[in-house]
Amino acid sequence: MRRVRAGTAVTAGRVLASLSPARPDGAWFAVLAPLLGSVVVAAVILGPALSRGVVLAYDMVWSPDARLTPFATGATTPAPRAVPSDAFAWLASLVLTPQLAQKLILLAILAAASMGAVALLRELRPGASGLSVATVVVAAVWNPFVSERLVIGQWTILLGYAVLPWALRAARRSVAGVGSTYAVTVAMGVSGVGGVNSVVIVLLGVLALALVDLGRQPRRAVVTAAAALATGLVGSAAWVLPSLASQTGASRSSVAAFAPSADTPLGTWGSLLSGGAIWNVAAHPSARAVPLLAVVAAALAVGGLACFAGEVRRRDAWGLLGPVMAGAAVVVLSVSPLTEGVWTWTVTELPGGGVFRDSQKFLAAWMLAVAVGTGVAVEMIKARVRTLAPVAAVLVSGLLVALSPQLAWGVGGRLDAREVPPGYRSAADRVSDLPPGEVGLLPWSQYRRYPWNGDRVSLTLGPRIIDRPVLFDDSLPLRTGVVPGESDRAAAVTRLIDGGVAPVRALQSVGVRYVAAELDAGLPVDQRALRAAGTVVIDDPGLMVVDLASSVSEPAGSRWLTLGWGVTLLAVLVLVAVGVGRVLGRKLPVGLLRSRA
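Residues numbered from 1 in each chain as written. Predicted model: local features only at pLDDT ≥ 70, side-chain atom pairs only at ≥ 80, totals over all residues. Heavy atoms only, no water.

*Asks:* How should I be thinking about the overall build of the chain in this particular structure?
*Replies:* A tally of regular secondary structure across the chain gives 26 helices and eleven strands. A compact globule built from 597 residues should have a C-alpha radius of gyration of about 25 Å, and the chain, at 26 Å, falls within 12% of that. Seen through its principal axes, the chain has C-alpha atoms that stretch 95 × 70 × 55 Å. By residue count, 52% of the 597 residues in the chain fall in the buried class. When the accessible surface of the chain is totalled, it reaches about 25700 Å², and 66% of it is carbon and sulfur. (Helix = DSSP H or I, 4+ residues; strand = E, 2+ residues; numbered from the N terminus. Rg over C-alpha atoms; globule rule 2.2 N^0.38 Å. Buried < 20%, exposed > 50% of the residue type's maximum accessible area, 1.4 Å probe, protein only. Areas by Shrake-Rupley, 256 points an atom, 1.4 Å probe, with all protein chains shown as cover.)

*Asks:* Explanation requested: the pattern of salt bridges in the structure shown.
*Replies:* Side-chain pairing between opposite charges can occur once the charged atoms of the two side chains come close. For the coordinates displayed, the defined rule picks out 21 salt bridges. One salt bridge connects D86 with R464, and the closest N-O pair in it is separated by 3.4 Å. Taken together, the residues D86 in helix α4 (residues 85-96) and R464 in helix α22 (residues 462-465) connect sequence positions 378 residues apart. The salt bridge involving R315 is made with E311; its shortest N-O contact spans 3.3 Å. (Salt bridge = Lys/Arg side-chain N within 4 Å of Asp/Glu carboxyl O.)

*Asks:* I tried to follow the sheet that holds strand β11 (residues 543-547) on my own but got confused; where do I start?
*Replies:* Adjacent strands of a sheet pair through backbone hydrogen bonds, lying either parallel or antiparallel. Taken together, five strands build an open sheet; the order of strands is β6-β3-β9-β11-β10 and the sheet is mixed. Of all the strands in the sheet, the pair left with one neighbour each is β6 (470-471) and β10 (535-539). Alignment of β10 against β11, held across four bridges, turns out to be antiparallel. Across the sheet, V536 pairs through a bridge with V546, a residue of β11. Contacting β3 (439-442), β9 (514-518), β10 and β11, helix α21 (residues 422-431) runs over the sheet at an angle of about 20° to β11. (Pairing = 2+ DSSP bridges. Contact = heavy atoms within 4.5 Å. Axes fitted to C-alpha atoms, helices over the stretch in contact; angles between N-to-C directions.)

*Asks:* Would you mind showing me how to read helix α7 (residues 144-151) here?
*Replies:* Helical geometry: 3.6 residues make up each α-helical turn, so side chains three or four residues apart lie on a common side. When you tally the buried positions in α7, you get eight out of eight residues, the bulk of the element. Backbone nitrogen of F145 and a side-chain oxygen of the N-cap are separated by 3.1 Å at the start of α7; the cap is N143. Where α7 ends, the next residue or the one after it, G153, has phi of about 70°, a positive value. (Polar contact = N/O pair within 3.5 Å; in protein donor to acceptor, adjacent residues only side chain to side chain.)

*Asks:* Can you walk me through the packing of aromatic side chains in this structure?
*Replies:* Given two aromatic rings, their pairing is described by the distance between the two centres and the angle made by the two planes. Applying the stated criterion across every chain yields a total of eight aromatic pairs. Aromatic side chains Y424 and Y450 sit 6.4 Å apart centroid to centroid with 70° between the ring planes, which places their arrangement in the edge-to-face category. With Y424 in helix α21 and Y450 in the loop between β4 (447-448) and β5 (458-459), this residue pair connects regions lying 26 residues apart in the sequence. A single burial state applies to Y424 and to Y450, both of which are buried. (Phe/Tyr/Trp six-rings, centres within 6.5 Å; stacked < 30°, edge-to-face > 60°.)

*Asks:* How do you make sense of the nonpolar core when you look at a structure like this?
*Replies:* The nonpolar side chains of a soluble globular protein tend to be buried, and buried together. By size, the foremost hydrophobic cluster in this structure holds 150 residues, and its most contacted members are F308, L320 and L461. Element by element, the count of residues in this core is highest for helix α8 (residues 155-176), at 13 residues. Those residues in contact with F308, other than ones at most four positions away along the chain, are L124, L320, L321, V324, A369, V372 and G373. By size, the runner-up hydrophobic cluster in this structure holds 17 residues, among which are W444, L471, A506 and L507. (Core = buried A, V, L, I, M, F, W, Y, C linked by side-chain atoms within 4.5 Å.)

*Asks:* Please clarify how the pairing of β11 should be interpreted in this entry.
*Replies:* A regular strand places its side chains on the two faces of the sheet in alternate fashion. The buried fraction of β11 is high, at five of five residues. Burial of β11 is two-sided: the residues L543, V545 and D547 facing one way and the residues M544 and V546 facing the other way are all buried. Where β9 meets β11, five bridges bridge the pair, whose relative direction is antiparallel. Along β11, the bridge assignment pairs A517 with M544.

*Asks:* Looking at this model, I keep getting lost on unusual backbone geometry. Mind explaining?
*Replies:* Most peptide bonds take the trans form, and the phi angle of most residues other than glycine is negative. A cis amide bond links V83 to the next residue, P84, at an omega of 0°. Topologically, P84 is positioned in the loop between α3 (70-73) and α4. The step from L442 to P443 runs through a cis peptide bond, and the omega angle for that step is -5°. Structurally, the position occupied by P443 is in the loop between β3 and β4. You will see that A277, though not glycine, has its phi angle at about 75°, which is positive. Within the element layout of this structure, A277 appears in the loop between α14 (267-273) and α15 (291-315).

*Asks:* In this structure, what is going on with the confidence of the model for the chain? I would like to understand it.
*Replies:* Low pLDDT means the predicted coordinates in that region are not meant to be read closely. Scored by pLDDT, the chain has a mean of 90; 92% of the residues are at 70 or more. A low-confidence stretch, residues 1-25 (pLDDT under 50), is modelled with ten contacts involving residues beyond four sequence positions or located in other chains. Scored below 50 in pLDDT, residues 588-597 shows one contact in the model against residues more than four places distant or in partner chains. (pLDDT = per-residue confidence, 0-100.)

*Asks:* Sorry if this is basic, but what is going on with the side chain of K103 here?
*Replies:* Secondary-structure assignment places K103 in helix α5 (residues 98-124). Every residue in contact with K103, bar those within four places of it in the chain, is listed here: A49, L50, S51, G53 and A417.

*Asks:* Please clarify how a nonpolar patch on the surface should be interpreted in this entry.
*Replies:* Residues W28, F29, L32, L35, L36 and V39 make up a contiguous nonpolar surface patch of about 520 Å² in total accessible area. For L35, the location among the structural elements is in helix α2 (residues 27-46). Its relative accessible area of 34% is what places L35 among the partly exposed residues. (Patch = residues over 30% accessible without salt bridge, like charges linked within 9 Å, V, L, I, M, F, W, Y side chains within 5 Å.)

*Asks:* Looking at this structure, how should I read α5?
*Replies:* Between the first and last C-alpha of α5 there are 39 Å, a value that for 27 residues agrees with the 39 Å anticipated at 1.5 Å per step. Here α5 lies mainly inside the structure; 21 of its 27 residues are buried. (Expected span 1.5 Å × (residues − 1).)

*Asks:* Which parts of the structure should I look at to understand the pairing of β3?
*Replies:* Here β3 shows two buried faces, one formed by V439 and L441 and the other by G440 and L442. Relative to β6, β3 runs parallel, the two sharing two bridges. When the bridges of β6 are listed, V439 appears paired with V470. Across four bridges, β3 lies against β9 in parallel orientation. Residue pairing in the sheet places L442 in a bridge with A517 of β9.

*Asks:* Can you help me understand the environment of W452 in this one?
*Replies:* When you line up the elements, W452 lands in the loop between β4 and β5. Taking the C-alpha atoms as reference points, W452 and P421, separated by 31 residues in sequence, lie 7.5 Å from one another. In this structure W452 touches L56, R418, E419, V420, P421, L461 and D520, once residues within four positions along its chain are discounted.

Here is the structure:
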């Protein structure tokens, strides 16, 4: 009996040893286990968003048909903020279908954020246990930052959040001389998919890390920073060049409109501590209004950050603290009354300063540090009282879920995939077959409440599904007022409408040939005036199109846009070519050796 038991113990020990991340044959488990966990957590968060149809929620407007519209390329907007994210969505939709592409991209973003946080944990604690890894998987995505950005559909900011830990890991290794600078450029290239918001989040983090490590490895730090900056700029040329050429700046009213807004009883500062306080109050989770939960969330965030900072100090990895402090500095600058004038000037007068006005997004590095810190805390408990580690991991993970219960199942059902009516899709498709001419979109507001979308607020689907130049109201209506848009022609239409001119006549006065009215948009449309203004060429219950015969010319795209896209596409080709060359360069010698043998 003793021999049997001893043999069983030896066998069990060998099995556990084979699964250890320290062993080469257990390496697959070290990657597969957190990956599966990350996908499961992401699926629980997305829930109904993974069902049939596409999700339309605030800024997340996904065309049910793969069309590379002028809006997606940036041809109809002075500052093409949807570039190149909408073009990437089109490309992914061509390969996977729009429905599948959206679901896989959302899943990949959340899973990559969790896996990236795990990678940072293992960068600080190479032998991190499965308990701490599991805690970090949950903490990285189950937080107010992710929740509030999902609600308003800003998947591009979440893309930056997901790429950031991988970029920081690559940058740290590059500066230390144990990793390749190419990995940094790849991370920057991936962030470029999300456009302005994702690029600035990742670039700020990498530059801050390189700056902190400048005194230790000056040459490598400079090379790393230069590679990140160069990749970020050339990869973003498709929106940078047109934006700078158009000289469109942020208005002073937008500075206050996009300032962090308290979502807990702890005020703005207390809300920011735990990753909340987004400017859009409609995205604030109701649970954060409970004082006890707000205090616990703030305390947990401070504790996680303290553990992260302590581990950084112990490992002498000060570079990883740089992005956290840099992001926090931007947020403090935007909130503090002492720097109000400086902040307003930065956003409104500095070229490209408008990218900073939504300052809360720069909490990305802060929240990653908090997530990694929770894993460090579990490791610290495990080192002192090993038997308490499972309890601590379950307690912390459960607490994170309890503090943000709305995240479960589509953020409380606010992310729900729906089918776009076939009639609307068919009508939008027929617009492309009409004679040339610009399309003006009614109702004159960029936000909609489609009944087939559960009356949820979303941006209009029109510019993303109509394959024509579309003129629409790009101003942003908020509870505190209206933030002006960037299109001068749209502003001219708005002034006419405010002066009492009928919307269809206002559009006709600026040279629009067609007027497309979304009749199921939750806003009134004067169909009688619309029919009387011209010839009805498409008459569908969801979309009516009238030919005003006022102009046959379509707005020409900017040469800066063409140049920007050329630079961006060339950067992508170079990045891919270098990657292929690196792979072939590594595999070719092995093949030659085998052939000689």
